[in-house]
Amino acid sequence: MPYGLFFKDLTKSFATPARHVTALKGVSGELKPGQITGLVGPDAAGKTTLVRLLAGLFDADSGEIGVTGGTERPRIAYMPQKFGLYEDLSVAENLALYADLNGLDRTTRERRFAELHRFTGLAPFGKRLAGQLSGGMKQKLGLACTLVVPPDILLLDEPSVGVDPLSRRELWTMVRSLQNTGIAVLWSTAYLDEAERCDHVILLHDGVVLDSGTPRDLNRLVDGRAWKAALPDDSSVAAKRDLQRAANQTRGVVDAQIQGRTLRVVMTEKDAAPDFASSQFAPLRQLTVKPTTPLFEDTYLAALRAKRGDEAPVAADIGTYNVQAGQNANGRPVIETRDLTRRFGAFTAVDRVSFSVKAGEIFGLLGPNGAGKSTTFKMLCGLLPPTDGTALVAGFDLGRSRADARSHIGYMAQKFAYYGLLTMRQNMEFAGGVYGLRGKLLVERLKDAVEEFDLGPYFDLPCGDLPLGIKQRMALACALLHSPSILFLDEPTSGVDPETRREFWARLNALADDGTTILITSHFLDEAEYCDRMVIIYRGKLIASGSPDEIKRAGGDETRTLNEAFIALIEDYDRATNNGVAA
Amino acid sequence: MTRAPHRIGTEGQGFNRQRLAGFIRKEYLQILRDPSSIIVAVVLPLLMLFLFGYGVSLDAKHLKLATVLETDAPEARDFEASLRATLYVDPVRMANRAVATDALREGTIRGIMVLGSDFGPKIAVGQAAPIQILVNGTDANTARIMGGYAQGAWATWLLQREYANPGSQITPLVVEHRVWFNSGLDSHKSIVPGLMAVIMTLIGALLTALVIAREWERGTMEALLTTQLTKAELLIGKLVPYYILGMTGMAVSVTVGLTVFDVGFRGSFIMLFVTSSAFMLVVLGLGLMFSTLTRNQFAAAILAITATMMPAILLSGFIFDTRSMAPAVQVFTYIVPARYFVEALKTLFLAGNIWSILIPNTLALLAMAGLFLTITAVKTRRRLE
Amino acid sequence: MMSHSPFAEALARIAFLVKREFRAIWRDTRSRTILILPPIMQLFLFAYAATFEVNNIPLAVLNEDMGLASRDLVADFTASPAFTSVARLTSAQEIGPLIDDGDALMALRIPQDFSRKLLAGKSPEIQVIVDGRQSNTALMALSYINDIVERFSREHARTSGIVPSPPQLVTRAWFNPNMDSKWFIVPGLVATLTMIIATVITALSIARERELGTFEQLLVTPLRPPEILIGKIVPAAVLGMGEGLTLGLLGVLFFDIPVRGDVLLLVLGLAVFLLSVTSFGLMISALTSTQQQAQIAAFCFIMPAVILSGFTTPVGNMPETIQWLTLFNPLRYMLEISRGVFLQDMPMSVVFEHVWPMAIIGVAAASAATWLFSRKLQ
């Protein structure tokens, strides 16, 4: 009989030098055999702590963990959030290492490796060093290493963070296919579309289980509270953003989101349609709302906000903070690349990419991991000189121009790029200071930033052990301290929970409205809906560009989501080039 | 009460050859991919041997000594000439005290010998202080040697003069020197074996100081914790490859010592192997301990350099004799592993298999290895936190 | 933004970077401890350890002679601070094991006929056996033996009432009248320990930022490569200066080292010295990509620099080619300045003679570091 796992009243606290944190406050639940159990919740909800407790890496302060089914001890496999692949070892060597360390019999090894290779599609890359794999491939290899001996119970801690949609789908399919072996899976995630596909979901918040059950069960919370309205055909992205903001300010609205040409709204009360008719904003008054089936995302937000007793949408009262941006919002191109090319030895990472970004635009740079997106981004920021072609930002080549040209840009790295041992104040003083802010001006900007980004409680804590969402807010605040006219954001929302992401985008929208030009790379295709325009880069080439609607049209069927359009475009491209090779 | 159904990674029991082999293979591949470890094991010993072998000479020879003759007595010239015959001082005639003191101040000479105007008359009646010697005491060691040489030369000259005098009543003692183990008192022969100990200390600590901290910093430790790898396997897996590398370095050093520096070897190679292995375990254990205690490459690196390099040079007895140190400092030298190895190596190279030295020193090394590795093992958590 | 001259702007940027670096090094209790404690401990240990003074050499005596003269000779040996008698032997077979085991470093054997020959006016023979494993100790021991023996025969002649007391040679040591090796080693440690810390901090600095992921964020700011390098040098140099002066002060307080020269000259020398060694540290930092590599490279610089500086053994004793190599070693010059200022009242002109080579080395190393660094960014 297959194994399962149950846990009851788990508590766990940690003492850091700065404070005492209770990560779990009596958490109970169950992983059933043959099911994928989703674990969702905002940053710092205690997801990782719970997974590590179940994996046996921590001891709980109190509570019980027990096995169901089976007769012997189950074999538990665990994949940490950042799976420690040895980057200086090849794919095959990593796999062999974990096979040895888990005692995989040499006789069955070949067969198992062949299975895993087929399963992950890593076969052609056996000799490549793990450090040279893309983020998605690394995760697949990590999963393969975890699964090298077939486990009875599989614990995955945010396996899809930093992974592009294509690889994300593949990872999901891989784990789904394990189900018929009766294995119990725990999948912790910040992606609610993944959670929705789980058999069972545990919603964790602040160390407490808010709710658990099948996604459908949980969705009963928002029955009759979800509404949608079709937007006019010719809505521009800016118009959509305005509509969203106005909708968010309407009374009784928990959340308003743009999805393609639809505005989705979740209300606080059952069967109470949003009162757009009395809105101050004329375009909103013209929309007609209809009830719609709730999504798990609606449930998630409604549940979290109900818990906090604060039902106003995060995005409702966001200011702009950037004081100078408005001045150059005249629509002229501020970022321009022409035949931008970068080769590493024989490998062409970026192949003749040309595009331009106008002032005040939110511009998306999209593509799967390892497609050349980051390389393009680095060349724009002046971190990497192009092999060929040009990249001009505000008229400067940042790689070569004088340093003060760089004071026009704000930059937010993918990885948190501040000294963890220093306090937030110390890091922010530095971030402002190197851009020429001094004395009173610096003090004022810091004060405004703390207020605007609500950083007060954390301002004098070492920022290394703050929750991811706070770090990300701080990083954005740092990037904006010197009021740049152009903002570069490298996967700013990777691994960030949905609520924080909404808040983040509300800020970006406000900045763009005030004329800041924003160049952003992202894995979340639903976020790309908010970009005015975007390019998709794949295998070093620009394969599509345009507004969200144009991209969707290019992907084929217009009613599809951007996510689907993206996958279709990439698959089309692969087919076309493979055919080309065959012919 | 928690009834944990299992614990990941503690499933592994005792030793499993496959796990260990797999882990060692991983370390081996990492060493191959980053040649810096190989540089440490092979190039560094060569560099240090040649630097020390040629750069450090404890025999102060040809020290420049200014002679100022304020007299033209023939005895003065005779004495000056006798100085010229020794290897140790190179007399340089200078016109007067002023010129010589300037030269002493500037450091172009090490000392001044002044033969005063009354040298001739005084020497004839055997009165005191006809000669003055001034040495630059800044470098006390060299100054002392210099003073000693001058004194010796003076005594010899006086004696010879008296023997030459038929009426002399002095019966000189004949001292028969026998210097065992290093009859030429060649400082290379004493430095090179000591140097090997210093080199091995550094190689061992440099090789392993970062290897565990690195696993924590790069996040690979958490992944290792999820496997069945046991603590013992982890530590042995970290030791074996670096042990082999370190012993390669040792072999290189011994070969160069025997062929290039011609130090000779009187003990047994088996004993050399045993002692070196014990020492290798100590220094690798020390490195692993730093790495485990800090879990931070920056701190481990600084610790490894400051805690091993200077003590190995200064407190091991490699250059400075531990027996001459202040008692408190002597006590301290007992916690410097290199001390034991220096003693064992000097004995093996210069004296032979003197068990009464080799066995206690080797045992001391094994005890220290045990201590460091135990601390490392205790501080190695199979858990997070 | 306020308008300032570009130079003032650059200075202000550097100041912010320096402040951050300081805090980054200083805030972590572990790294703070590691930076402060070991050098001070080492100063005390090494000051006592690094001595060529030889005393208490364990001596074994085999006196086969029954005469009075032989007992006088033995007494001369045991009275000397250089020797400590550890064993009175009765047979020659006992000598071997004692020396082998290192229990005695030296054995003195006086034959049966010693007193008789001496009285008869013939030259008696004595035998000394010395352990040569520690060559310099052996060498010193031999010279002490000669001293004692020579004094003995002279004394013997004098008591026999024949020879007037012999002319004495008077040795005076300048700058260090007691020839105390602590006076030699402590000013050396001030320079050496300071160098080690400052070099390691700078050598690891950039590799560390790379591994922590903060480096790219730094590169997109208006900071130019030379500004970043200055921002890395200054904190290490300031820490080094604090360290050097603290060690010097401890030396004066605890070891009675005199300060005969101008402290300002020492500060000047240290400043130029620190700039040159931190530039070497930066070269290493620019060349390496991981902290492991940086540590090894730092070591490969520090070790030869210490050996070839005159810290333990005089440069003058080294072979010509190696002496030539030492000209490129900043520590060599700093040792001269440090010893000169503490012990000798080194005149300003001589200090400058040692400062300018360090300045040249520093500028060359800093330029090389900047070049390597800019090249690596491409």
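Preceding block: the structure.
Residues numbered from 1 in each chain as written. Chains lettered and ligands numbered in written order. Predicted model: local features only at pLDDT ≥ 70, side-chain atom pairs only at ≥ 80, totals over all residues. Heavy atoms only, no water.

Draft legend 1. Quick look at the packing of aromatic side chains. One pass over the structure, following the stated rule, counts 20 aromatic pairs over all chains. Between A:Trp505 and A:Tyr530, the aromatic rings sit 5.5 Å apart at their centres with planes inclined by 35 degrees, giving tilted as the arrangement. Residue A:Trp505 is found in helix H15 (residues 498–513), and its partner A:Tyr530 is found in the loop between helix H16 (525–528) and strand E21 (533–538); the two are separated by 25 residues along the sequence. Their ring planes at 40 degrees and their centres at 6.1 Å tell us that C:Phe114 and C:Phe152 sit as a pair that is tilted. On the criterion of sequence distance, the pair formed by C:Phe114 in helix H5 (residues 114–119) and C:Phe152 in helix H6 (residues 135–159) is long-range, its members being 38 residues apart. Residue classification places C:Phe114 among the buried positions, given a relative accessible area of 0%. Using a relative accessible area of 5% as the deciding quantity, one classes C:Phe152 as buried. An aromatic cluster is defined as three or more aromatic residues linked by ring pairs; in this entry it consists of A:Phe377, A:Tyr411 and A:Phe488. Just above the ring of A:Phe58 sits the side chain of A:Lys12; from NZ or CZ to the centre is 5.3 Å. (Phe/Tyr/Trp six-rings, centres within 6.5 Å; stacked < 30°, edge-to-face > 60°. Helix = DSSP H or I, 4+ residues; strand = E, 2+ residues; numbered from the N terminus. Buried < 20%, exposed > 50% of the residue type's maximum accessible area, 1.4 Å probe, protein only. Lys NZ or Arg CZ within 6 Å of the ring centre and 35° of its normal.)

Draft legend 2. Helix H13 (residues 439–452) of chain A, seen in detail. Here H13(A) spans 20 Å end to end across 14 residues, near enough to the 20 Å set by a 1.5 Å rise per residue. Every buried residue belonging to H13(A) is among A:Leu442, A:Arg445, A:Leu446, A:Ala449 and A:Val450, and all of these are buried. Projected down its long axis, H13(A) shows its buried positions confined to an angular sector of 135 degrees, all on one face. Facing away from the buried side of H13(A) by more than 90 degrees, the exposed set consists of A:Lys440, A:Val443, A:Lys447 and A:Glu451. Residues of H13(A) that are buried in the fold lie against helix H12 (424–433) and helix H14 (468–480) of chain A together with helix H1 (6–27) of chain C. (Expected span 1.5 Å × (residues − 1). Arc of directions from axis to C-beta. Contact = heavy atoms within 4.5 Å.)

Draft legend 3. Inspection of unusual backbone geometry at higher detail. Look at A:Asp206: it is not a glycine, yet its phi comes out positive at around 55 degrees. The topology assignment puts A:Asp206 in the loop between strand E8 (200–205) and strand E9 (208–213). A residue is classified by how much of its surface remains accessible, and A:Asp206, at 42% relative accessible area, is partly exposed. Although it is not a glycine, C:Asp256 adopts a positive phi angle of roughly 55 degrees. For C:Asp256, a relative accessible area of 57% translates into the label exposed.

In short, shape yes, function no, at least from these values alone.
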